[in-house]
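# Report on the structure
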Amino acid sequence: MAGVNKVILVGNLGKDPEVRHLEGGVSVAHFTLATNEYYKDKQGTRVERTEWHNISAWRGLADMADKYLKKGQQVYIEGKLRTRQYQDKDQQTRYITEIIADEISMLGGRPQGANGAADANGQAVAEPEQSFRQEPELDQLPF
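Just so it is clear, the structure is predicted and the values come from calculations on it, not from any experiment.

### Structural notes on the pairing of strand β5 (residues 74-87)
Sheet topology places strand β1 (residues 7-13) next to β5; 6 bridges connect them, and they run antiparallel. Bridged to I8 within β5 is E78. As defined by bridge partners, β5 adjoins strand β6 (residues 93-106) across 13 bridges and the pair is classed as antiparallel. Across the sheet, R82 pairs through a bridge with E98, a residue of β6.

Okay, here's the thing in structure tokens:
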């Protein structure tokens, strides 16, 4: 039986996506996503814990992220967990764990000041939810 590598996150973008265009016109977007968890400690005080996730989106999904996603926006992300290694400037081997996005859905509206619509009072107006999915490459199909 094959393993399962599936990640589902709902959180807020920590920064605008940074998009690079690689050889052959392939796009890749990198951004961070913050998820919050709340619990009560032994004294009954409510504690908030924020976890930061590194997200990568490829090809058409990267172009969509570049066009529509802005810092602070709430999104739903489905993808897979991947760890890769690289050499830093001191030739030390470093590891990074990231989520490779397969689907990104924008939740609610865009944050105010991010080219979103605003009402007469300057409040952000919720736009309909939009969802984008990365279609698998032919060599990635399981059959």
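### As for the environment of I96
Mapped onto the secondary structure, I96 falls in strand β6. With near-sequence residues (within four places) excluded, I96 lies in contact with N54, R82, T83, R84 and Y86.

### What to know about the pattern of salt bridges
Following the criterion strictly, the structure yields 7 salt bridges and no others. Note that R49 is salt-bridged to E51, the shortest N-O span being 3.1 Å. Note that E98 and R84 form a salt bridge whose closest N and O atoms lie 2.7 Å from each other. A residue pair is termed long-range when its members are at least 10 positions apart, and E98 in strand β6 and R84 in strand β5 qualify at 14 residues.

### What to know about the packing of aromatic side chains
In total, this model carries 0 aromatic pairs according to the counting rule given. Sitting over the face of the ring of Y38, R46 holds its NZ or CZ atom 4.1 Å from the ring centroid.

### Overview of the nonpolar core
Ranked by internal contacts, the top residues of the largest apolar core, which has 19 residues, are F31, I55, L69, V75, I77 and I104. Counting residues per element, the ones that place at least two in this core are β1, β3 (27-40), β4 (46-58), α1 (59-68), β5 and β6. When residues no more than four places from it in sequence are discounted, the contact partners of L69 are L13, D16, P17, F31, M64, V75, I104 and M106.

How each quantity is defined
- Residues numbered from 1 in each chain as written.
- Predicted model: local features only at pLDDT ≥ 70, side-chain atom pairs only at ≥ 80, totals over all residues.
- Heavy atoms only, no water.
- Pairing = 2+ DSSP bridges.
- Helix = DSSP H or I, 4+ residues; strand = E, 2+ residues; numbered from the N terminus.
- Contact = heavy atoms within 4.5 Å.
- Salt bridge = Lys/Arg side-chain N within 4 Å of Asp/Glu carboxyl O.
- Phe/Tyr/Trp six-rings, centres within 6.5 Å; stacked < 30°, edge-to-face > 60°.
- Lys NZ or Arg CZ within 6 Å of the ring centre and 35° of its normal.
- Core = buried A, V, L, I, M, F, W, Y, C linked by side-chain atoms within 4.5 Å.
- Buried < 20%, exposed > 50% of the residue type's maximum accessible area, 1.4 Å probe, protein only.

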